[in-house]
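So the chains spell out like this:
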There are 2 protein chains.
Amino acid sequence: MTRFRKGDAGRWEGIDPEPYDAGGSDDPEAPFRGVSRQRLFGPEEGLDAALRYFEVEPGGWTALERHRHAHAVVVVRGRGAALVAPEVREVAPFDLVRVPPGTWHQLRAADDAPLGFLCLVDAERDRPERAGPDDVEALRADPRVAAFLRP
Amino acid sequence: MTRFRKGDAGRWEGIDPEPYDAGGSDDPEAPFRGVSRQRLFGPEEGLDAALRYFEVEPGGWTALERHRHAHAVVVVRGRGAALVAPEVREVAPFDLVRVPPGTWHQLRAADDAPLGFLCLVDAERDRPERAGPDDVEALRADPRVAAFLRP
């Protein structure tokens, strides 16, 4: 049982990045780009939740998705923007982002800075639904969202 | 539903500190000193866990306690030390501290700096057991722990 780990955001001793998704790609049409994930805590004895650290490279983005479980996000490094449809906000340390159940969401790093954030979820949760072309078209009806999603 | 909150560690808009414990005191014999708590997330729809931010004033300490649930701690501000018996470590941002079930633990701020940390717990959890005189005496048998606990 490791009780202590020295670390800086994104660089914890003994915690390697896990694949964010098996479908990673540099394709600009890919559902995400430049995202790494590290599992910091849980699920484990006495804790039925998990705390993960995600870091998005400058110019990168997470998948546009929704699910029945909630996300609780604490930004801890860099700069970027978050979509929690239909709201869009710029984010920086230590802003909080709540993603309610069933809400389309995506995080983007700034073009010139990474975006690092903690994300809390229940250990038992449903799988995300990725946005399809019809979903994206519907989201683009809001000009703020369209500007966030970019071409 | 508030989706975004601007903030810096310890200063989030619209999130007031809650009492850390009804028995707060400036008595040096008190079980804790100079601790504030803010509930950042949960429990809420889609999330059966809670993320709290604790800040310990310079020279302060949290209660020496144990419980069956685990704590998952991410230090985000200042400096201090943590006891996860029998281990003691100095901590700084973004060190991780895992408190396994049934383990006596306490966090102290440095004398000249606060200590701010996020603490993740399950929403459903047992109440902490505070250390009594016999527990403290047993813990002091380890010189590293005795040095942490101080007189």
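Parameters and conventions
Residues numbered from 1 in each chain as written. Chains lettered and ligands numbered in written order. Predicted model: local features only at pLDDT ≥ 70, side-chain atom pairs only at ≥ 80, totals over all residues. Heavy atoms only, no water. Helix = DSSP H or I, 4+ residues; strand = E, 2+ residues; numbered from the N terminus. Contact = heavy atoms within 4.5 Å. Least-squares fit on C-alpha atoms with pLDDT ≥ 70 in both. Salt bridge = Lys/Arg side-chain N within 4 Å of Asp/Glu carboxyl O. Polar contact = N/O pair within 3.5 Å; in protein donor to acceptor, adjacent residues only side chain to side chain. Nonpolar A, V, L, I, M, F, W, Y, C, P; charged D, E, K, R; others polar. Pairing = 2+ DSSP bridges.

J.: Sorry if this is basic, but what is going on with the environment of B:Thr103 here?
T.: Topologically, B:Thr103 is positioned in the loop between strand E10 (96-99) and strand E11 (105-109). Each C-alpha atom, one on B:Thr103 and one on B:Pro133, is 16 Å from the other, the two residues being 30 residues apart in sequence. Leave out the neighbours within four places in its chain, and B:Thr103 touches A:Arg3, B:Glu65, B:Arg66, B:Val84 and B:Ala85.

J.: Help me understand the relation of the copies chain A and chain B in this model?
T.: The two chain copies are connected by a rotation around an axis plus a translation along it. Between chain A and chain B, the superposition needs a rotation of 180° and an axial shift of 0.0 Å, giving an RMSD of 0.0 Å. One copy is carried onto the other by what is essentially a two-fold rotation axis. Taking the C-alpha atom as reference, chain A places A:Ala49 closest to the rotation axis, 3.2 Å from it. Both copies present the same face, since 100% of the interface residues in chain A are matched by interface residues at the equivalent positions in chain B.

J.: Is there a simple way to explain the interface of chain A and chain B in this structure?
T.: By convention, interface size is frequently given as the accessible area that disappears when the constituent parts associate. In this assembly, 50 residues from chain A lie in contact with 50 residues from chain B. On the surface where chain A and chain B come into contact, there are four salt bridges. Our count for the chain A to chain B interface comes out at 24 residue pairs in polar contact (both at pLDDT 80 or more). Each residue belonging to the side of chain A that touches chain B can be placed in one class, and the counts come to 30 nonpolar, six polar and 14 charged. Where strand E10 (residues 96-99) of chain A meets strand E1 (residues 4-5) of chain B, two bridges bridge the pair, whose relative direction is antiparallel. When the sheet's bridge partners are listed, A:Leu96 is paired in E1(B) with B:Arg5.

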